[in-house]
Every structure is written in C-alpha cells, then in structure tokens.
Amino acid sequence: MAWLVAIYGTFCGYLFTDVDTISLISSGGGIIVIIILKIILILLILASVFSLGRSFGIVPATRGVKTRGAYSIVRHPLYALYIVYDILDIVLLVASWYNMLIFFSFLGATYLRAKYEEDFLMQDAEYQEYTRKTKYMFIPGVF
C-alpha cells in the first residue's frame, strides 16, 4: 500500500487539466504575484531535494535522517512545498471540480505517504529522537 500511495502521490499531478476551468485570480497583477511565488517555491523545492541528497526517494527506506535546514522546522517540508505549489497552481489558476477532486486526493495521498514513511522510519532510534525534537509534519505550530 505504501508503494501505491507513494506512486500516486508523486504522479497524480499529471491528472490535472485546464479543461473547463476558471481562474480565481483575474487580474494580471495577481497572476504575476502567483508566478513569482511559484518560482520561489520551485527554488525551495529544489533546495529541499538537494539537501536530501542520496536520501531522496519515492518510497520509504532508511537513507539517513536529515535534520538541517527546513527539516529542522518540519519533518516533511518537501511535501508541504508541493501542497502550497499545487494550491497556487491548481486551486487558484485552473480551478474546476475535477481538479479539486484530484487536489484533495493528492492531499490525502501526501498525508498517507508521510505516515507510511514515519511508521517505517520509527524503527530507527535516530528518527524517533528527530520526531521528539521536530514535532510538526507539515506546518510549524499547526500540523
């Protein structure tokens, strides 16, 4: 099940479509702000991936515990960044009932993916210590 969730969570973005969509941002200035935010998010995503180095993977595995940078704030910053990016891209720019359904299934898959990873990694004493120090999965102070 962890494999299916990981693969779906990774590739479900290809299911989004721009057919029969509306943009919740109508002004040119609003779209420019979204584009700038998306560029910043892409840079943050790349920084998070590079900080993982050889620890980056699609399915849970013991690849070493990363605790620096964004990983000192939340346990799954890369997933959090993916969610924010999709909110800007899908929810605000190409909103539709279909895209919202895919987005919420992506949210569910991302949560399950993180839980499967954590269940697997909790076998490691270093990861257990990390979860005691870094309390939040995605959003500091919230969740």
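Preceding block: the structure.
Residues numbered from 1 in each chain as written. Predicted model: local features only at pLDDT ≥ 70, side-chain atom pairs only at ≥ 80, totals over all residues. Heavy atoms only, no water.

Caption draft 1: Layout of the overall build of the chain. What the chain contains, in helices and strands, is five helices and zero strands. Moving toward the C terminus, one meets the helices and strands of the chain in the order α-α-α-α-α. Dimensions along the principal axes, computed over C-alpha positions, put the chain at roughly 50 × 30 × 30 Å. Counting across all 143 residues of the chain, residues that qualify as buried make up 36%. Nonlocal contacts in the chain, meaning residues at least 24 apart in sequence, comprise 78% of its contacts between residues at least 6 apart. For the chain, the distance from the average position of its 11 positive side-chain charges to the average position of its 10 negative side-chain charges is 10 Å. (Helix = DSSP H or I, 4+ residues; strand = E, 2+ residues; numbered from the N terminus. Buried < 20%, exposed > 50% of the residue type's maximum accessible area, 1.4 Å probe, protein only. Contact = heavy atoms within 4.5 Å. Lys, Arg positive; Asp, Glu negative; His and termini not counted. Charge placed at Lys NZ, Arg CZ, Asp CG, Glu CD.)

Caption draft 2: Examining the pattern of salt bridges more closely. Per the stated rule, a full pass over the model turns up four salt bridges. In this structure, Glu 129 engages Lys 133 in a salt bridge whose closest nitrogen and oxygen atoms are separated by 3.9 Å. Remark: Lys 133 and Glu 129 occur in helix α5 (residues 125–133); sequence separation between them is four residues, near one turn of the helix. Among the residues examined, Lys 133 registers a relative accessible area of 65% and is labelled exposed. Residues joined by salt bridges that share partners form a network here, namely Glu 129, Arg 132 and Lys 133. (Salt bridge = Lys/Arg side-chain N within 4 Å of Asp/Glu carboxyl O.)

Caption draft 3: Fine view of the environment of Tyr 71. Turning to its location among the elements, Tyr 71 is positioned in the loop between α2 (28–52) and α3 (77–93). Tyr 71 sits in the buried class, given a relative accessible area of 8%. With 63 residues separating them along the chain, Tyr 71 and Thr 134 place their C-alpha atoms 8.1 Å apart. Setting aside its immediate chain neighbours within four residues, Tyr 71 contacts Ser 48, Ser 51, Leu 52, Lys 66, Pro 77, Leu 78, Tyr 130 and Thr 134.

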